[in-house]
Structure formats: C-alpha cells, structure tokens
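Coordinates in review
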Amino acid sequence: MKIHIIGCSGSGKTYLANALSKKYNISHFDLDDIQWDNNAKEYGKKRTLDERKALLQEILYNNDEWIVEGVYYAWVRQSFDEADKIYVLDMPGYLYKSRIIMRFIKRKLGLQKGKKETLKSVYNLLKWTETFQNKNLKEIRSILDRYDNKVVWLSGKKDVEKIIKAVCLT
C-alpha cells in the first residue's frame, strides 16, 4: 500500500497520515522533513532540489509500503506515479486557518512538539494559504488529472473519517 496525501497547511494531512499509519502499520513520511533542513541553525532553510529528490527516492524505493504527506506538488511527481491512492484534502479555509492558529498556540505553550515558528511565520503561513487555495490547488488539480483512477478528493471532516474507518483502501 502506497499512499500520497496532499493539502493545505492545517487541512489534516498529518492527522490522516498518522491514523492510516497506525491502522495499517505503514511508515509515514512528512515532506516537510525533506523540504526543510531541520538541522540548519536558522528557521526556514530549504534543502536543494537535488537533495529533496534524492531523499524522496530513498523513501519511495527503500520501502514496500509508505504514506507520504505534504503540501508540495512540483517536485513529488514520482510519489504520485508510485502511489496506489492519492488523497487530496480540499478543506474550507476557516478550518485550516483555525487549526494553524491552534497548532501555533499549542506549540508555544509546550503542549505540542513542532517547528519553532514565530508570530511572523504564522502570519505569513496564513497569508500563503490564500495562494494555496486560489492558485496552487488549481495546479495540483491539473497535475492530478492524469491520475484520476487513484485520486480521492476529501472536502470535510466526515470524508476524512470515512477513509480512516474504511476496512481497506482498494
């Protein structure tokens, strides 16, 4: 089983990936860990495109089963090609924006582990979500047209829960 999950920040990608990973005992990989150099001294340092592609190939070809999730689409076509299912989380803006804010608060209070975001980085992320919904999602839809037989669009919490509760993914 090979699953790719894509959607805006705060749309529930990690939630769905963790639930399916636990349910089916499949490794889960966050594309943020490939995109960003988490060992860099400064926040927000990107890896090179070659580094990202090499790390993604390592995941795709060194694991019989995997779940990959993230907002990225331009450099992950190999994952789309290899995936048995592609879940696209197309959630309402109010939902993912409130989740982004709550996640930031929980991290600041030490209730949740995660990146060392600043108020400015969260503000920029919230602004970026508009670009994702209005521009990037259209590009993603166009790219995924060729994978129509394995793409499932999820537009609400109930859709996500149905996938999690399903007996099998095929």
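The numbers attached to residues start from 1 for each chain and follow its sequence in the written order. With pLDDT at 70 or above as the cut-off, local features in this predicted model cover only qualifying residues; side-chain atom pairs require 80 or more to be listed or tallied, and sums for whole chains, interfaces and linings still use all residues. Heavy atoms from the whole structure form the basis of all side-chain values; hydrogens and water molecules are not counted.

Quick look at the overall build of the chain now. Helix numbers and strand numbers start at the N terminus; a helix is a DSSP run of H or I with at least 4 residues, a strand a run of E with at least 2. What the chain contains, in helices and strands, is seven helices and five strands. Its helices and strands taken in sequence order, the chain reads β-α-β-α-α-β-α-β-α-α-β-α from the N to the C terminus. A compact globule built from 170 residues would reach a C-alpha radius of gyration of about 15 Å, and the chain, at 16 Å, matches this within 12%. Projected onto the principal axes, the alpha-carbon positions of the chain cover approximately 40 × 35 × 30 Å. Burial classes follow relative accessibility: with a 1.4 Å probe on protein chains only, a residue under 20% of its type's maximum area counts as buried, one over 50% as exposed, and anything between as partly exposed. When the 170 residues of the chain are sorted by exposure, 41% land in the buried category. Across the chain, every contact between residues at least 6 apart in sequence was considered, and the portion connecting residues at least 24 apart equals 73%. C-alpha atoms define the radius of gyration, and 2.2 Å times the number of residues to the power 0.38 defines the globule rule. By definition, residues are in contact when any of their heavy atoms lie within 4.5 Å.

A few words on the packing of helix 1 (residues 13-24) against helix 7 (residues 157-165). Helix 7 packs onto helix 1 with a crossing angle of 15 degrees between their chain directions and a minimal axis gap of 10 Å. Here helix 1 lies roughly parallel to helix 7, going by the angle between them. Note that helix 1 runs across helix 7; the crossing there is right-handed. Here Tyr 15, Leu 16, Ala 19, Leu 20 and Lys 23 of helix 1 come into contact with helix 7, specifically with Val 160, Glu 161, Ile 163, Ile 164 and Lys 165. Between N-to-C directions, angles cover 0 to 180 degrees, with each direction set by a line fitted to C-alpha atoms, over the stretch in contact for helices. An angle counts as roughly parallel when it lies under 35 degrees, as roughly antiparallel when it exceeds 145, as roughly perpendicular when it falls between 65 and 115, and as oblique in every other case. With the far helix as reference, a near helix turned anticlockwise by less than a right angle produces a left-handed crossing, and one turned clockwise produces a right-handed crossing.

Note on pairing: DSSP must find at least two bridges between two strands before they are called paired. Here five strands make up an open sheet; going across it, the order is 2-3-1-4-5 and the pairing parallel. For this open sheet the edge positions go to strand 2 (28-30) and strand 5 (151-154), each flanked by a neighbour on one side alone. In this sheet, adjacent strand axes meet at a mean angle of 20 degrees when their direction is disregarded. Note: strand 2 against strand 3 (residues 66-70), three bridges, orientation parallel.

Two numbers describe how helix 5 (residues 93-108) lies on helix 6 (residues 119-144): the axes approach to 11 Å, and their chain directions differ by 160 degrees. One way to sum up the angle between helix 5 and helix 6 is to call them roughly antiparallel. Helix 5 and helix 6 meet at a crossing whose hand is right-handed. Facing helix 5, whose interface residues are Tyr 96, Lys 97, Ile 100, Ile 101, Arg 103 and Phe 104, helix 6 presents Leu 119, Val 122, Leu 125, Leu 126, Thr 129, Glu 130 and Gln 133. Residues were grouped as follows: Ala, Val, Leu, Ile, Met, Phe, Trp, Tyr, Cys and Pro as nonpolar; Asp, Glu, Lys and Arg as charged; and all remaining residues, including Gly, as polar. Partitioning the contact of helix 5 with helix 6 into residue classes produces eight nonpolar, two polar and three charged.

Before going further, it helps to spend a moment on unusual backbone geometry. Phi is positive for Asn 25, close to 55 degrees, though the residue is something other than glycine. Structurally, Asn 25 can be placed in the loop between helix 1 and strand 2.

Here we come to the nonpolar core. Nonpolar side chains tend toward joint burial in soluble globular proteins. By size, the foremost hydrophobic cluster in this structure holds 42 residues, and its most contacted members are Leu 16 and Phe 80. For this core, the element with the most residues is helix 6, which contributes five residues. Look past the residues within four positions of Leu 16 in its chain and what remains in contact with it is Ile 5, Tyr 87, Leu 89, Leu 154, Val 160, Ile 163 and Ile 164. Each nonpolar core is a collection of buried residues, namely Ala, Val, Leu, Ile, Met, Phe, Trp, Tyr and Cys, held together in the definition by side-chain atoms within 4.5 Å.

Another point: helix 7. For helix 7, every residue scored as buried is listed here: Val 160, Ile 163 and Ile 164. For helix 7, the arc enclosing every buried residue in end-on projection is 100 degrees, short of the 170-degree limit, so these residues lie on one face. Opposite the packed face of helix 7, turned more than 90 degrees from it, sit the exposed residues Lys 158, Lys 162 and Lys 165. By construction, the arc corresponds to the directions joining the helix axis to the C-beta atoms.

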